[in-house]
Amino acid sequence: MDVVAERGARPQVSLIRRTMLRAVRLLFNPLRPDDYLSMINPLWTTRELRGQVERVAPEGSEAVSVYVRPGFEWGGHKPGQYVRLGVLIDGRYHWRAYSLTSDPDPVDGLVSVSPKLVPEGTVSPYLVGTIRAGDIVRLSEVEGEFVLPDPLPGKLVFISAGSGITPIISMLRSLDHHDRITDVVVVHSVHAREQLMFADALDELDAKHEGFTLKLRITSDDGRMKAAELEELVPDWRERDAFCSGPGEHLDDLRSFWKEQGDLERFHHESFQPVIGGNSDSGAGGTIAFLDSETTAECDGGTTILAAGEQAGLDLTFGCRIGICHTCVGTLKSGRIRDLRNGEVSEPTGQAVRVCVHTAEGDIEIEL
């Protein structure tokens, strides 16, 4: 299957440097100045944002933190946002989205992501077990709306499970950097203690700030946390703005609890396992013609194009399956599609669409 190539974000390069490169471009034909600069240092290209891995550190027994020095000036991120990382595996770039786990104002200038191993995956085994200092990665634009509000609420509670702590640790590091940890409660669940990510950082925050309270739940010993337990764990939870991240069922429980018992406007969440599709009444559906595969499939209004193709026996490339990594894309040749995340209908003829989050709104043709 043909997949639209990803490129890194456009680097923040000064106008003077870009002007100089344009001025000398004709002198370097057939190569461009960037090609020569990349031979000297692969981070010097002005065509896309790249980064060089400086170190890889374990985070519990199943994850690592990959520390990257971006080329040129890093545009920065807000705590809680994510970046798509492009890594070269077997001669092909693969892209995955990861929350940025570093302080947005790092003293050493490094940014970090902290992937957890997914054994059946392609990228996480590479990042956890293979990538080394000196390797080059590509970096996308920073994305995400799961961020701290401005002005900052006086009382905060962070609730996470497993790798859901990754966007939250960036928030905590930022609060620590700016000495804003005055009344913060962190409730984190992990299956086994040896799997705990950022253990040293959490311990340091607990020792440093009187206004920091850490409540750790080991689910293999105590079972999964239910939202109703907040009455005992955080008795004043109704007075706090909540920032929650983790598996979908955990967040569904918390959101329902806030809706029934608290103020839903103070509940903020980031889900890594959103439920997409499954409701045949959500749209018109239709027949999908997979042009590259010369296959057709019937699709109801709640099934993604990706799932419909798989049900028809096609072996389609996919990554996150939640519309973040841009791995599963095809070019729409005709017809209308519906975004299952928000219900929006569009007709982006000739454009690449993410088949893991869109369904057919009538008959469509797509290059897959």
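Just so it is clear, the model here is predicted, and its values are computed rather than measured. (Residues numbered from 1 in each chain as written. Predicted model: local features only at pLDDT ≥ 70, side-chain atom pairs only at ≥ 80, totals over all residues. Heavy atoms only, no water.)

*Asks:* Is there a simple way to explain the nonpolar core in this structure?
*Replies:* Nonpolar side chains tend toward joint burial in soluble globular proteins. Ranked by internal contacts, the top residues of the largest apolar core, which has 23 residues, are Phe158, Leu172, Val184 and Phe212. Counting residues per element, the ones that place at least two in this core are strand S7 (156–161), helix H4 (165–177), strand S8 (184–190) and helix H5 (199–208). At six residues, the largest contribution of residues to this core is made by H4. Not counting the four nearest positions on each side in its chain, Leu172 is found in contact with Phe158, Ile181, Val184, Val186, Leu202, Leu205 and Phe212. (Core = buried A, V, L, I, M, F, W, Y, C linked by side-chain atoms within 4.5 Å. Buried < 20%, exposed > 50% of the residue type's maximum accessible area, 1.4 Å probe, protein only. Helix = DSSP H or I, 4+ residues; strand = E, 2+ residues; numbered from the N terminus. Contact = heavy atoms within 4.5 Å.)

*Asks:* It is not clear to me how H5 should be interpreted in this structure. Could you clarify?
*Replies:* Residues three or four positions apart in an α-helix share a direction because the helix packs 3.6 residues into each turn. Those residues of H5 not exposed but buried are Ala201, Leu202 and Leu205. The arc enclosing the buried residues of H5, seen along the axis, measures out at 100°, which places them on a common side. In H5, the exposed positions angled more than 90 degrees off the buried face are occupied by Asp200, Glu204 and Ala207. (Arc of directions from axis to C-beta.)

*Asks:* Whenever I open this one, H4 confuses me. Can you help?
*Replies:* Taking 1.5 Å of rise per residue, the 13 residues of H4 would be expected to cover 18 Å, and the 18 Å separating its terminal C-alpha atoms lies within 8% of that figure. Of all 13 residues that make up H4, eleven are buried, and the element is covered over most of its length. For H4, the complete set of buried residues consists of Ile165, Thr166, Pro167, Ile168, Ile169, Ser170, Met171, Leu172, Ser174, Leu175 and Asp176. Contacts made by the buried residues of H4 are with strand S4 (92–99), S7, S8, H5, strand S9 (212–218) and strand S10 (241–246). Directly after H4, the chain includes Asp179, whose backbone phi takes a positive value near 55°. (Expected span 1.5 Å × (residues − 1).)

*Asks:* Any chance you could explain the sheet that holds strand S18 (residues 358–360) here in plain terms?
*Replies:* Backbone-to-backbone hydrogen bonds join strands into a sheet, with any given pair of strands oriented parallel or antiparallel. Taken in spatial order, the three strands of this open sheet run S16-S15-S18, and their pairing is antiparallel. One side of each edge strand has no neighbouring strand; the edge strands of this open sheet are strand S16 (345–346) and S18. Of the strand pairs in this sheet, strand S15 (residues 337–339) and S16 are connected by two bridges, and their pairing is antiparallel. Bridging across to S16, Arg338 finds its partner in Val345. (Pairing = 2+ DSSP bridges.)

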